[in-house]
Amino acid sequence: MDENKIARDGAVIFSEYTRGEVIKKVVELNRDDILFELKESKLKGRGGAGFPTSTKWMLTAAAKADNKYVICNADEGEPGTFKDRVLLLEYPELVFDGMVIGGYTVGAKYGIVYLRGEYEYMLKSLQDYLEAMRNENLLGKNICGKEGFDFDIEIRLGSGAYVCGEETALIESLEGARGEARNRPPYPVNTGFMGRPTSVNNVETFASVVHIVTKGGQWFKQHGTDKSTGSKLFSVSGDCANPGVYELPWGTTINELLDKVGAVNTKAVQVGGASGVCLSKDQFERQLAYEDAGTGGSIMIFNESRDMVHVLKNFMEFFVEESCGQCTPCRIGNVKLLEGVEMIEKGEYTFRYINQLKELGATMQVASKCGLGQSSPNSFISILENFKEEIFNNGNGGTNGK
Amino acid sequence: MENKDTQRAPVSQKPHSVDKPADTTTIGGTISIEINNEKHTVPLGTTILDACKMTGIHVPTLCHHDDLCIAGVCRVCMVEVEGMRTLQASCAFPITSPIKIHTSTPMVRKARRHVIDLMLSEHHGECYSCVRNNNCELQSLANEYGVDKYTFGHVEKSRFEIDNSSFSVIRDMDKCVLCKRCVRTCIDLQEVGVLESVDRGDKTHISTFMEKDLADVICINCGQCINRCPTGALHANDPSDDIWNAIDDPKKHVVIQTAPSPRAAIGEEFGLEAGHSMTQELNTALRRIGFNAVFDTNFTADLTIIEEGTELIIRLFKALVEKDETVALPQFTSCSPGWVKYLEHYYPEYVDNLSSAKSPQQMFGALIKTFYAEKAGIDPKDMISVAVMPCSAKKFECNRPEMADSGYQDVDYGLTTRELAKMIKEAGINLPEMPKTHFDNPFGDASGAGLIFGATGGVMEAAIRTIVEFVLGKKAEDVFEKANVIPVRGFEGVKYYEIPLGDQFGPVPALIQHLVPNWDWLAGATLKVAVAHGTANAKKIMEDIKAGGKFSECHFIEFMACPGGCLGGGGQPIPTNEEIRKKRAQAIYAEDESLELRKSHDNPHVVKLYEEYLTEGPCGHLSHKLLHTHYTKRGKYIA
């Protein structure tokens, strides 16, 4: 660990790279070659949803339009996630070069970084960095001498709404509208920013792309598991000796991670931030992987001293406030789930009603308009299931399911 | 970064649809799908909701409205699509691949029930005391899904203060279910943009700029939001209690005028299919309720044609012959109070283009408390003048301070079609069973030209019938088949029409002969007119005029604030949609064609009024005092 709490021993993302290297290589390649490497690498989106990046870029590339856009989703709003901040601050070459590859591959002339409002402090240095790239002809017109390859990047600031990390809400926000998710289909790859085909990718996805194009898809997929190739940056926080950003191959088990970060007496691990699931001890042999315990990078560790009802309440309060408020299941559903948690806290509940709320949570997962409401019940359902014993035997005078 | 679309309205919910093929008979124009294991073929790009409708399957909806762009926010219309992890909002899902849809699986039914339960948990207010009782989409949904208890509780305390600042629209946000129909109506359909979602999460609510009262923002009172609200969250400011009190007061002489559109729609409130005119049944019902006299607003519509037409001739003469550059052209109609306020807010620099002629409602108001009062020997202070209108903005209009030329408030109450239907029901009257009777004198039955004021293009058609006869000296029937001016009819958003006057014109009738020293300047002229309905379409014309486009060359333009004109007004029965608007228009045009009297200038009562009372003729001194008005440059910023 260094002073910035980054474990830089990662084999993929943190491997050697110099600015512009990949761009010089890319301009000699066909768009299809790049898409082939991406497909070969089996890279999945690093924001958490895990959509195959090659498919997203292929669809954007195939869409016909006068203009296309590449957007870097740097809204990093998921509680407990801070790995994009590290990439932007310390490895901007990976992010921006990745965006240039994106622009080249999908045929976009503009790239936009949607930067989390709270990261305003890094805006100036990022803009300086882009200026330096322009000076080296890594951005601008006829990049690296490639006739007709024009691409430039602009940075826009978000205003603090969690939902704007959802790609269509992000696009609405970029267009100057309220941050609210759009209906899909149509998807941004066809109808995105300003109605044009748009590829929205996470900061870390762009960074991974750089290494894939430099070193090959084959090399990339040597890391990780068969279904979750490569490695992942994890933002580790909570009850451990060494919180920070770690690059670990997909497939690492929770136990291995806990060892690495120096966590003892761990009771619960929340994988995937507030919208993720909460695992108990008996599940610590599970793997961090899309096919098992998937995450956009957030790992929160809770030791034996933590009250799980309190943990859950904190998450639900977050969603009640951060729901964009447009669709019924998310806007009101989260309120009902929070009320349920408060009932448990006071010991004034019936199992009948708690079960109804779990069913409501299941409805929210399939009925909400966007990923926010579809994932907000995850912690409610998983905590009540995995920590049943603790929660419903809390000895605080509860009626315990009369 | 380029941004060419800066002109668009600040749209919160834009329609993100796929391109539909123009011709569905081409290969790839249609697509085979399965709904509930039955095979169907639908045009590419059809939404699941429409596909279900086509195949006779009912899918419940709430935020969806045929007039509005897609929102997909209420989530009531969810269905299962095979291969997709989540349920899909059928209103928002365009079909582009051969999908298999299931509309009534256990998961779908449970999810819908949950959504309804959630909405009910936050819906404060009880059905009995609600203006929308028995015509509420939330109530219907609860009924359809067998809701027999509040599964997730029910908010007992009011969270919002009722905003009754507006003369026209009352907002009771405790009943709001955040379907955003009002927002989409205001921003996308009307392009006024007064209502928007405010705050987020559980604090989300619909509000105005800086959360001001509706009376203090640039609301035009069109009431289109009311017509699309699924619950009682938005409703008109109902004066019927005051009217009942006036009727019960033996000292009061209560008269009522009825506009053309309510009679074409009120039958819907009594279970009739849209498109049944109830003109003469309504007259009987109003007398049985206790109104002392029942007048036809079409009379003052006829009068409007004479006054406004006269004004146009004077303006044209001044501008074209005398080259007076201070004269504002094109002349805009001023019948629609929603349009007038829209112009005052959005295009205040054009208030001089508005005809100074009052709307038919207000002309009548001024005449009832002067001419009629004199004739009937009643002190106008003992009169209560009511106007049945398809409109919520008329409530605002009659409260404009300048509308008191009789010495009293000219029209005391504007009553919507819905409110009148409620009064009729309360009086125990089944309207369709009423015997037919005529309107009362001294104004009598008016012309078909006045009647068609109710449909978009109607004012223009009525004006054209009169202009043709006045100026060309021909019968309108000789110029237009059955005197129907088809080019200005129909629901196209913006209509443009040219009428070459030719070299053969006159003789000009005595009524207007004296207006200008000579009439030769009209020889060979072409009258250019345009029609727009809905303020979004009005905006198109106004922007074109500002840019000096073809509409700036027009002489006369009819504007109506509401889609379809008055027949689609904010006071009309709910629901109102395109199909219903079409049927109401058919009823109006059919009634017009059935009448003997179809031209405003032929109305014998109008002729008599000029002979007996407005003796200086149209635009004369008394006309100006009673029948004309002025406007306010309001602008968009209200202190």
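Treat the numbers as computed from the prediction; the structure is a model and nothing was measured. (Residues numbered from 1 in each chain as written. Chains lettered and ligands numbered in written order. Predicted model: local features only at pLDDT ≥ 70, side-chain atom pairs only at ≥ 80, totals over all residues. Heavy atoms only, no water.)

A. Structural context of the overall build of chain B. What chain B contains, in helices and strands, is 21 helices and 17 strands. With respect to the principal axes defined by its C-alpha atoms, chain B has extents near 80 × 60 × 50 Å. Burial statistics for chain B: of 639 residues in total, 62% are counted as buried. Contacts in chain B between residues far apart in sequence, at least 24 positions, make up 75% of those at least 6 positions apart. Counting only carbon and sulfur atoms, one obtains 51% of the accessible surface of chain B, whose full area is about 24,800 Å². Considering chain B, the positive charge centre built from 68 side chains and the negative charge centre built from 86 side chains are found 5 Å apart. (Helix = DSSP H or I, 4+ residues; strand = E, 2+ residues; numbered from the N terminus. Buried < 20%, exposed > 50% of the residue type's maximum accessible area, 1.4 Å probe, protein only. Contact = heavy atoms within 4.5 Å. Areas by Shrake-Rupley, 256 points an atom, 1.4 Å probe, with all protein chains shown as cover. Lys, Arg positive; Asp, Glu negative; His and termini not counted. Charge placed at Lys NZ, Arg CZ, Asp CG, Glu CD.)

B. Examining the domain arrangement of chain B more closely. All names here are of chain B. Segmenting chain B into domains produces domain 1 (30-104), domain 2 (116-236), domain 3 (251-299 + 361-433) and domain 4 (305-356 + 446-627). When each unit is reduced to the centre of its C-alpha atoms, the spacing between domain 2 and domain 4 is 37 Å. With 18 residues of domain 2 in contact, the opposing surface of domain 4 contributes 20 residues. Taken together, both faces of the contact between domain 2 and domain 4 bury some 1,500 Å²; the carbon and sulfur share is 47%. (Domains from an automatic or database assignment. Buried area = accessible area lost by both parts, 1.4 Å probe.)

C. Summary view of the interface of chain A and chain B. Facing the 48 residues of chain A at the interface are 48 residues of chain B. Carbon and sulfur atoms supply 52% of the area buried between chain A and chain B, which totals about 3,900 Å² over both sides. The interface formed by chain A and chain B includes three salt bridges. In this structure, the salt-bridge partner of B:Lys110 is A:Glu359, at a minimum N-O distance of 2.7 Å. Counting the contacts that link chain A with chain B gives 18 residue pairs in polar contact (both at pLDDT 80 or more). Those elements giving two or more residues to the side of chain A that touches chain B turn out to be β3 (110-115), α11 (308-322), α12 (328-346) and α13 (351-367) of chain A. The element that contributes the greatest number of residues to the side of chain A that touches chain B is α13(A), accounting for nine residues. Looking at the side of chain A that touches chain B residue by residue, the classes come out as 21 nonpolar, 14 polar and 13 charged. (Salt bridge = Lys/Arg side-chain N within 4 Å of Asp/Glu carboxyl O. Polar contact = N/O pair within 3.5 Å; in protein donor to acceptor, adjacent residues only side chain to side chain. Nonpolar A, V, L, I, M, F, W, Y, C, P; charged D, E, K, R; others polar.)

D. Molecular detail of the sheet that holds strand β10 (residues 253-258) of chain B. Residue and element names in this part refer to chain B. An order of β11-β10-β13-β14 is seen for the four strands of this open sheet, with the pairing classed as parallel. Lying at the two open borders of the sheet, with one neighbouring strand each, are β11 (293-296) and β14 (413-416). Ignoring strand direction, the axes of neighbouring strands in this sheet form an average angle of 25 degrees. Summarising the sheet, β10 and strand β13 (residues 383-389) pair through six bridges and their orientation is parallel. Within the sheet, the bridge partner assigned to Gln257 lies in β13 and is Ala387. In this fold helix α6 (residues 240-248) packs onto β10, β13 and β14, with an angle of close to 115 degrees to the strand it touches most, β14. (Pairing = 2+ DSSP bridges. Axes fitted to C-alpha atoms, helices over the stretch in contact; angles between N-to-C directions.)

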